[in-house]
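# Observations on chain architecture
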Amino acid sequence: MSETVNALPHRSPGSPSVRGGAVKASSRSDRARAQWRKRLEITILSGPALVMFLAFVIFPVFMAAYYGFFKWKGFGAPTNFVGWANYVTIFTDGAFLQALQHNGFIVIWSLILQGPAAIAFALLLNQNIKGRSLIRVLIFVPYVISEVIVGTGWSLMLQYQGALNDLLANIGLGGMATDWIADPNIAIWTLMVIISWKYIGFAVILMLAGMQGIPDELYEAAAIDGASYWQIQRWITLPLLGPTIRVWAFLSIIGSLQLFDLVYIIWGQYVSATAGTSTMATYMVREGRLAGNYGYGNAVAVVIFVISLVIALTYQRFVLRRDTEGALTEKPRKVEA
């Protein structure tokens, strides 16, 4: 038995197998340190932003949901608990349901009017034409102008004694003069014109950026094959522009659901309801802050948040899913030593 034990090979600390085990252990230790270093860097860099997000986004949402269960004047501790009464009132109030319909109208017609127009402008400005840079600036300028300036300017031009009706009278079309702002039959369309003029520049810039990312080799190959200009746009530009169009549509939908400033500036506090241009946000301000019922206003804010969140998640799940999945980086596979 002792002879058998003595016959077994004895490996010294400097033998190859011992050195290999030490190298593997050192490699695992280095990888662990690198992972912890990476996690620490992510925590340090994202920590302040996460704190700000929790403090100014998540926390106010929970506080709004809390105050929404009270009839509250906006100061002092809320004590008049009403439960779900505020939320029941919201969905039984015809004014809110009308405002919700207006938001839906704005969402649909913003996509219909701005999308094709933005693509057409982008196709034009993507060509080598004279004055292209100036045209790009002129289209984008309305987007960077303050909503207060835009709302004030349009309200002055579109009132009954405004510049538009004077222009129509001077060119012999005085019979078409009307109150573009207060007439319930056309006020919502007036709002759509203003919104399209204001935000189409942003859509054009996005479309141009998407077109710049399409390789020129695809256009050259299609031209060699004899494809016409419109065939190239139909089968190359539009399909490859799909991710950009879907992202723009998402931003347009969310912005339309939360529209407030232009309506509030042009139509004021109460005229928007009678003119047929009220939105959920203007309803929230009118029935909450202006009415001194901050609990109800918080409940409306929560409803707007939930509606926007559901639509955003649904859109991301069924429309943006393939775009977001394509943008994710696959985790590296572990290679066994």
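Fair warning: this is a prediction, and the values are worked out from it, not measured in the lab.

Conventions used here
Residues numbered from 1 in each chain as written. Predicted model: local features only at pLDDT ≥ 70, side-chain atom pairs only at ≥ 80, totals over all residues. Heavy atoms only, no water. Helix = DSSP H or I, 4+ residues; strand = E, 2+ residues; numbered from the N terminus. Buried < 20%, exposed > 50% of the residue type's maximum accessible area, 1.4 Å probe, protein only. Contact = heavy atoms within 4.5 Å. pLDDT = per-residue confidence, 0-100. Polar contact = N/O pair within 3.5 Å; in protein donor to acceptor, adjacent residues only side chain to side chain. Phe/Tyr/Trp six-rings, centres within 6.5 Å; stacked < 30°, edge-to-face > 60°. Lys NZ or Arg CZ within 6 Å of the ring centre and 35° of its normal. Patch = residues over 30% accessible without salt bridge, like charges linked within 9 Å, V, L, I, M, F, W, Y side chains within 5 Å. Areas by Shrake-Rupley, 256 points an atom, 1.4 Å probe, with all protein chains shown as cover. Salt bridge = Lys/Arg side-chain N within 4 Å of Asp/Glu carboxyl O. 1 Å grid on protein atoms, 1.4 Å probe; cavity = no way out; pocket = protein on both sides within 12 Å on 5 of 7 lines; lining within 4 Å. Points joined across faces, edges and corners; volume = space filled by probe spheres on them. Nonpolar A, V, L, I, M, F, W, Y, C, P; charged D, E, K, R; others polar. Arc of directions from axis to C-beta. Axes fitted to C-alpha atoms, helices over the stretch in contact; angles between N-to-C directions. Parallel < 35°, antiparallel > 145°, perpendicular 65-115°, else oblique. Core = buried A, V, L, I, M, F, W, Y, C linked by side-chain atoms within 4.5 Å.

Here the focus is the overall build of the protein chain. A tally of regular secondary structure across the protein chain gives 16 helices and zero strands. Relative to its 337 residues, the protein chain shows a buried fraction of 31%. Of the contacts formed within the protein chain by residues at least 6 apart in sequence, a portion of 65% connects residues at least 24 apart.

A word on the confidence of the model for the protein chain. On average, residues of the protein chain score 86 in pLDDT, and 88% of them are at 70 or above. In this model residues 1-5 is a low-confidence stretch, pLDDT under 50, and it forms one contact with partners more than four residues away in sequence or in other chains. Across residues 332-337, confidence stays below pLDDT 50; counting only partners more than four residues off in sequence or on other chains, it has one contact.

This part takes up the environment of Leu262. With respect to the secondary-structure elements, Leu262 resides in helix α12 (residues 261-267). The exposure class of Leu262 is buried, given its relative accessible area of 0%. C-alpha of Leu262 to C-alpha of Glu147: the two residues are 115 residues apart in sequence and 6.2 Å apart in space. Beyond its immediate chain neighbours, meaning those up to four positions away, Leu262 contacts Glu147, Val150, Gly151, Ile194, Ile195, Tyr199 and Trp267.

Right, let's get into the side chain of Ser196. Along the chain, Ser196 turns up in helix α8 (residues 187-212). For Ser196, the side chain forms a polar contact with the main-chain oxygen of Met192, separated by 2.8 Å. Non-local contacts of Ser196, meaning those with residues more than four positions away in its chain, are made with Leu113 and Gln114.

Counted by the stated rule, this structure contains 22 aromatic pairs. With a centroid separation of 5.5 Å and 55° between ring planes, the pair formed by Trp84 and Tyr87 is classed as tilted. Assessed through its relative accessible area of 10%, Tyr87 is described here as buried. Three or more aromatic residues link up through ring pairs in this structure, and these residues are Tyr66, Tyr67, Phe69, Phe70, Trp72, Phe81, Trp84, Tyr87 and Tyr294. One cation-aromatic arrangement involves Arg39 over Trp36; the distance from NZ or CZ to the ring centre is 5.2 Å. Over the aromatic face of Trp235 sits the side chain of Arg234, whose NZ or CZ is 4.1 Å from the ring centroid.

The next point concerns a nonpolar patch on the surface. A surface patch of nonpolar side chains, amounting to about 600 Å² of accessible area, comprises Leu50, Met52, Phe53, Leu54, Phe56 and Val57. For Phe56, a relative accessible area of 59% corresponds to the exposed category.

All told, the structure shown has two salt bridges when counted by the stated rule. As a salt-bridge pair, Glu147 and Lys198 come within 3.7 Å of each other at their nearest N and O atoms. Of this pair, Glu147 sits in helix α6 (residues 147-158) while Lys198 sits in helix α8; the two residues are 51 residues apart in sequence, bridging distant segments of the chain. The exposure class of Lys198 is buried, given its relative accessible area of 1%.

Its volume calculated, the second largest pocket comes out at about 280 Å³. Along the walls of the second largest pocket sit 15 residues, with Tyr199, Leu251, Ser252, Gly255 and Ser256 positioned nearest its centre. Mapped onto the lining of the second largest pocket, the elements with two or more residues apiece are α4 (94-125), α8 and α11 (242-257). By residue class, the composition of the lining of the second largest pocket is nine nonpolar, six polar and no charged.

As a further point, take helix α3 (residues 85-92). Looking at α3, one finds that the buried residues are Asn86, Tyr87 and Ile90. Axial view of α3: buried residues confined to an arc of 95°, hence all on one face.

Attention shifts here to the packing of α4 against helix α14 (residues 280-289). Where α4 contacts α14, the two axes come as close as 8 Å, and the packing angle between them is 150°. The angle between α4 and α14 places the two elements in the roughly antiparallel class. In contact with Ala95, Phe96, Ala99, Leu100 and Asn103 of α4, α14 contributes Met280, Tyr283 and Arg286. A breakdown of the residues in the contact of α4 with α14 according to their chemical character gives six nonpolar, one polar and one charged.

On to the side chain of Gln114, then. Here Gln114 shows up in helix α4. We classify Gln114 as buried; its relative accessible area is 4%. Every residue in contact with Gln114, bar those within four places of it in the chain, is listed here: Trp109, Ile195, Ser196, Tyr199, Ile200 and Trp248.

One finds Ile90, Phe96, Val204, Met207 and Val300 to be the most contacted residues of the largest nonpolar core, which totals 33 residues. Taken together, the elements giving at least two residues each to this core come down to α3, α4, α8, α11, α14 and α15 (294-318). When sequence neighbours within four positions are dropped, the list of residues in contact with Met207 reads Ala118, Ile119, Ala122, Leu241, Thr244, Ile245 and Trp248. Core analysis: the second largest hydrophobic core is formed by 17 residues, Leu191, Ile194, Leu262 and Val263 among them.

Positionally, Leu309 belongs in helix α15. For Leu309, a relative accessible area of 38% translates into the label partly exposed. Distance from Leu309 to Ile254, taken between C-alpha atoms, is 9.0 Å for residues 55 residues apart in sequence.

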